[in-house]
Every structure is written in structure tokens, then in C-alpha cells.
Amino acid sequence: MTVDAHTARDAELVQLLTPEGERLEHPDYPLSLSDQQLRDLYRDLVVVRALDLESVALTRRGELGLWPSLLGQEAAQVGSGRALGAGDMVFPTYREHAVAYCRGMPWLNILRLFRGVNHAGWDPKEFGFHLYTIVIGTQTLHATGYAMGIQRDGHHGTGIGDTALAYFGDGATSQGDVNESFVWAAVYNAPIVFFCQNNQWAISEPLERQTRIPLYRRAQGFGFPGVRVDGNDVLACLAVTRRALDRARTGQGPSLIEAFTYRMGAHTTTDDPTRYRHSDELEAWKLKDPIARVKAYLSRTGLANAQFFEEVDVQAAEAAVELRAACLALPDPSPDALFQHVYAAPHRLLEEERAAYETYLAGFHD
Amino acid sequence: MTEVTAPEQSAPLTGTQTLTLAKALNAGMRRAMAEDPKVLVMGEDVGRLGGVFRVTDGLQREFGEDRVIDTPLAESGIIGTAIGMALRGYRPVCEIQFDGFVFPAANQIITQLAKMRLRSLGQVTLPVVVRIPCGGGIGAVEHHSESPEAYFAHTAGLRVVACSNPVDAYWMLQEAIACPDPVVFFEPKRRYWDKAPVDTEAPAAPMGDAVVVREGTDATLLAYGPMVKTCLEAAEADDRSLEVVDLRSLSPLDTPALEASVRKTGRCVVVHEAPVFGGLGGEIAARITEACFYHLEAPVLRVGGFATPYPASRLEDHYLPDLDRILDTVDRTFAW
Ligand SMILES: Cc1ncc(C[n+]2csc(CCOP(=O)(O)OP(=O)(O)O)c2C)c(N)n1
Ligand SMILES: [Mg+2]
């Protein structure tokens, strides 16, 4: 067994903030943030965790059909999400709630999907955040094609052009589509960043069912650089993603980032992880919590005091209460929504069926 | 192989047991695996977890990691390697986690699995079973509620069957595993928790046969998979005498049995969750019309999904055929 596929050895892991909250420097990833920016990152982490927990709670109350929790992956998502520029386009899976948050998308949009009101429904262009994708790996090809479009727009390689960022999981790396997207991106030197959140599990299957080598090293075989970053370190995730985006923007092509993290919760609210993993694994990862280390750092350096932490907690709690109210107020779609938006142009069969169903429903009122 | 769990024997099922449909499938697989060491189970999360619906629960503990294989996350890989295993003499039973995720494997199923026997002039057989939980009604997100059977029924070289109850689940799965041809095996996921007594000594009808599950004289309801129960409930709720036939085999169809029922009743409604347009109902209607033209009091009518993608779950009750829509259609055959 190749042990280092699933044990982050310190030498190959980019880390700027230790689990104890100690700030490290890395020669390749210098990062200087203002005090305010550091506090804002902490605020993001706390708020998205609260919104995520509220979403789990709403599911338990039957208000959502299902919820894939991001618990434990806040830093990977906030760090990468905050590295993006306004014109960049994110291609998410179904778990990137915190990235959506960083892109300014209302969390409620995501609840609509998991409540079964619609299948996504937001405008990707409005937020630079594409639709959630449930069929594993498919979005990585879309992101690559989108990046190839950027290449053909004109500004590419000038440092001011846009980029695409594709998220996917450790499990997804086994899919043909993901491997094909690596080939395409490499061959065309596309301005794309592949951001793999290796949370160690694909439902019940541990990482060793997908790979014998560390995932970031796969990039080399395709012909572009790969890096493994501490996915629970928001600063490192920010710095590494910034650098990869910069490479893409300046015409240097794709990169793969493996954010080494952990799915602290169940796969989704319908999953029971006690059937396949030991709780001591979870306990070990709790010590590497993405939020605790930032709090420790801010406290120790005097960048934030008790009053600040209190205020952030209150803000997060209020956001959760607001989210709950907004979720409960979501109207159910009307039956006619069944027939809307399937085609851009009129469609004879669909119109026939829509009319027939309308007549059928009207029959119940007679 | 690393960390192979020691096989642990559990007594095979005997006598008559009340089982859920999911447990019946499990028992069928367990028996097939016990009787034939070449039978393998493979798929995502089928081992340690026992499948997201627990259909393969306990099989890895009992038969070990070499026979119950948690695969990497790639459906094309699952079917492609199953074909290779079959070439080496094994009988893989593949699980596709949800209906909507069979499409990455469509290439391997349609271009390879379905055609290798013909291409080898019968010298290569591929006894591969592709199990697919199908259909809606469980409030799931996108891609978890689809009914893709028509794509596979349209592909020559595959046998396509659908079970509707625990007894058939137990027996038909064993028959599919023993079958020398590739079989796409649809399981009605919203019926996984339905229970019935399963007699392990009394085989059900062969999987190629349609079965009259409720006798009637006035009209025939043809259904399969999840819609059989819905049709039975509709028939129960109606004053007319409605016959319900469970197709069981979708490719090939047991046309003689379907025709016999329609000749008797003179009216026929085909019910499935899949979209009506291009669905199996069209093929069945054409065949019934051709064979029973002079016995029909009305055209064969169809009830099914709309020509839309499967909707978000808060709309699925509108999309799925229910008692009202089925009986409304039966009314139309009487009003002809
Ligand atoms: C093509 C396809 N096959 C199977 C599934 C079912 N499924 C949903 S999530 C998942 C595991 C994904 O693991 P990973 O890529 O590591 O992402 P994570 O859920 O851990 O974020 C599986 C098998 C799916 N959605 N799509
Ligand atoms: Mg994962």
C-alpha cells in the first residue's frame, strides 16, 4: 500500500497556518493579508458553518429532501472561493455551498434545489457560479471547454483575462470525464484550475479505492503542475489558488490543487458513516479543525478580541435564523412549472401535453 | 489484495420468510453466490456499506472482498471490467447506484456488452447482470428518479427485466444471474421496503413470462416495476373489473400473454413512469393493435411521464402516474 496517498506528509503539504494557529511562511506561496482581510476570512468560515448546520437541521425537520454537508471543508472552499476574480467562472459539484457564498450567491438558491423546488435555477453568469452538478465529474469537462472559450476571447494570457475553476471530489478523480478534462486542458493549455477537495471519502469508499498515489501527483502525468495543500488551512488554500489562477491568467495553463481535508459529517443526511468508518478518525481530524486554528491565530496575535468573536457568532446565528425563515416561506412550484424551460423554442409535443394536463387538472374543480 | 476480510458463513435462507424487496434481492444474490463461486458483486459502495439501499448488505462480510468488490467511482469502469471478468469465466452482478448514473456506462453496455456474443459468432457469452434501482416517488434530487428502460430495451443483445415485488425480486435475480446473456435488471426503488412472504422452495414464473397479478374482465392494465402496485390499487378502487398484468420481461416482451389478456377484456391501458413519448408503451400498443385489432373496443391508451425531464421532487406527484390518472385513462377507453 502506498501510504502517502492518504497520509499528508508534511514535506509535500503546503501549510501557512498550523492546526495550533501558528503562522508559517512558504517560499512559493507568500501571502500578506490585512488584519481586516484575516478577520473577514474568519467571519466567512463561521457564517458558512452556521448556514450549513442550519441546512442540516432543516433537513432533519423534513424541510429539505437531502443535504450534503460541507462540515470540515470550510477552509478549502472559502480559501479558494476568496481567491477568485469577478469574471472567473466556478464549476461546482453539489457540496460547494461556501464557494457559492463567497461568490455572493444567496444560500437560499441552494435550498431550493435540495427542497425539490427546482433543479438549481440560478443564473450562473450572475454569480460566476455554474449550476450544481450531481453526475460525478461531468462539470470538469464543461469547465475545460469554458476555459477554451476564454482562450478564444482575446484577453487570454494578458493577466487580466478570466479563468475557470472546477471543483470535484477524490472519488470523482476515477471518472473518465475528469481524466479527459485533464487531457484537454493540458493539450490546449487552457486557463483552468482543477480544485480537488480530497475529503478522504467517496460515500463509504476510502481514498485507497480511487488511487495508489497522492492525487496531486496525477497532474504530472498529464503535463501540468499539481500541488497538495492543507485543505483545513484557509490561508494556504487562498495562496495556492491565487497562484494557480494567476498561472492560468498569464497563459501558463492548467494546474491541479489537491486540498487535503476531511468530510467531518455524513456523505449526506441520508448516510450513516458509522457503518464504514471509525470515530477515532473523526476525532483526529477534529484537532485540525479549519476554524479553530484561525481563531487561535487571531487571538494570539491580538488581531481580534472576545468581543469580535462574540459579534461574529451573533451574525452567524442571525444568518441561520433568516435562512430558516426564508426556507419555510419558499412557495411550492405550480404544476405548470413542469412544462416550463424545457426548450427555448416552442415544442409541439410539450405544448400538447401541457394543454392536456391543464384540462385534466381543471376537471377536478368541476 | 490487501485487508481481505475473512469470509464468514451465514445460513442461507430456507422455507418461507417475509422479506422486503431489498432483502429479497439480497437473499437471491446470497444464494446465487453460495451456489456458484464464479458469481461476483461489484459496484460503488456495495461492500463495506452494503449499498446505499443496503441491497448488498452483509455480502462482503460473508463472501470476502474478492467476490464483493467496492469499485472506484466510474460506471464505465464497472461495466467494462465486468465484461473482462465475464471473459475470464466469472458472472459479475454490477450495481449502478441510481438510474441516472448508468449513462457513463452506456458506451460499454451498448457498444460492447450487448454485441460481443454476435461478434464472436456465439463463442463468447457475457453473463453480466446490471442492476439498476429505478423510478421516482422517493422525493430525491435530480438523476435519482429516472426510468431509462427504453434505451436498453431498444438495444438488441440485452435482456431487460423489471421486478415488482419481493417474490419476483428473489427469483428473477437468481435467474438473471444464471442467464448466459447480459441482463439489465430494474429494481423499483420506491418498493424496496414493501414486504411479502418469499417461499425459497417455490420458484416464481420464469423471468421471461408476464404474469396476470389480478384477474378482470373489463379492461387490461399492463405495467411493470413500480407501477404494478399502483395499477393494483387503481383496480381495487374501481367498480369495473380490471385485469392487471405484470410484464416482468421488457425485452423480449411476453406478447402471447399480453395478447391473451387483451383479447379477453377488449380494452388496454399501458402504464409506466417513463415518458410516454418513445417509451415501451408505444411498442406494446403497436403490437397489441396488430395482434388483437378485432378484439379491441378502443385504442390502446398510455399513461406515463411527460415529455419533460424528471421534475424537481415537489412536482413529482404531478409527473408520476397515480390512481386518478390511470382510472381517468381507463374511463377514456370506455367512452370510446
Ligand atoms: C456518475 C455518478 N455515479 C454515482 C453517483 C453517486 N454518488 C454521489 S456522491 C458520490 C461520491 C462522491 O465522492 P467524491 O467525488 O469524493 O465527492 P464527495 O461527495 O466526497 O464530496 C457518489 C458515488 C453520482 N452522483 N454520479
Ligand atoms: Mg470525497
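Residues numbered from 1 in each chain as written. Chains lettered and ligands numbered in written order. Predicted model: local features only at pLDDT ≥ 70, side-chain atom pairs only at ≥ 80, totals over all residues. Heavy atoms only, no water.

## Comments concerning the overall build of chain A
Consideration 1: Counting secondary structure elements, chain A contains 13 helices and eight strands.
Consideration 2: In terms of C-alpha radius of gyration, chain A reaches 21 Å, essentially the compact-globule figure of 21 Å for 366 residues.
Consideration 3: Along the first, second and third principal axes, the C-alpha atoms of chain A reach 75 × 50 × 40 Å.
Consideration 4: Taking as baseline every contact in chain A between residues at least 6 positions apart, the subset at least 24 positions apart corresponds to 76%.
Consideration 5: Only carbon and sulfur atoms are counted for the fraction: they give 53% of the accessible area of chain A, which is about 15000 Å².
Consideration 6: On chain A, the mean spot of the 34 positive side-chain charges and the mean spot of the 47 negative ones are 4 Å from each other. (Helix = DSSP H or I, 4+ residues; strand = E, 2+ residues; numbered from the N terminus. Rg over C-alpha atoms; globule rule 2.2 N^0.38 Å. Contact = heavy atoms within 4.5 Å. Areas by Shrake-Rupley, 256 points an atom, 1.4 Å probe, with all protein chains shown as cover. Lys, Arg positive; Asp, Glu negative; His and termini not counted. Charge placed at Lys NZ, Arg CZ, Asp CG, Glu CD.)

## Let's talk about the interface of chain B and chain A
In many reports, interface size means the accessible area that the parts give up when they come together.
Consideration 1: Each partner contributes to the interface: chain B provides 41 residues, whereas chain A provides 45 residues.
Consideration 2: Of the roughly 3600 Å² buried between chain B and chain A on both sides combined, carbon and sulfur atoms contribute 59%.
Consideration 3: When residues of chain B are sorted by the area they lose upon contact with chain A, Arg48(B), Leu73(B) and Arg314(B) head the list and together hold 21% of the total.
Consideration 4: Summed over the shared surface of chain B and chain A, the result is 16 residue pairs in polar contact (both at pLDDT 80 or more).
Consideration 5: If you list the elements that add at least two residues to the side of chain B that touches chain A, you get α11 (316-319) and α12 (323-334) of chain B.
Consideration 6: If you tally residues by element for the side of chain B that touches chain A, the top one is α12(B), at three residues. (Buried area = accessible area lost by both parts, 1.4 Å probe. Polar contact = N/O pair within 3.5 Å; in protein donor to acceptor, adjacent residues only side chain to side chain.)

## Here we look at the coordination of the magnesium ion (ligand 2)
Residue and element names in this part refer to chain A.
Consideration 1: Those donors, Asp170 (OD), Asn199 (OD1) and Trp201 (O), are the protein atoms that reach the magnesium ion (ligand 2), and they lie 2.1 Å from it.
Consideration 2: Ordering the donors of the magnesium ion (ligand 2) by residue number gives the pattern D-x28-N-x1-W. In this pair, aspartate 170 sits in the loop between β3 (164-169) and α7 (176-188) while asparagine 199 sits in the loop between β4 (192-198) and β5 (201-202), placing the two residues 29 residues apart along the sequence. Neither residue differs from the other here; aspartate 170 and asparagine 199 are each classed as buried. (Donors = N, O, S within 2.8 Å, 3.2 Å for Na, K, Ca; no water. Buried < 20%, exposed > 50% of the residue type's maximum accessible area, 1.4 Å probe, protein only.)

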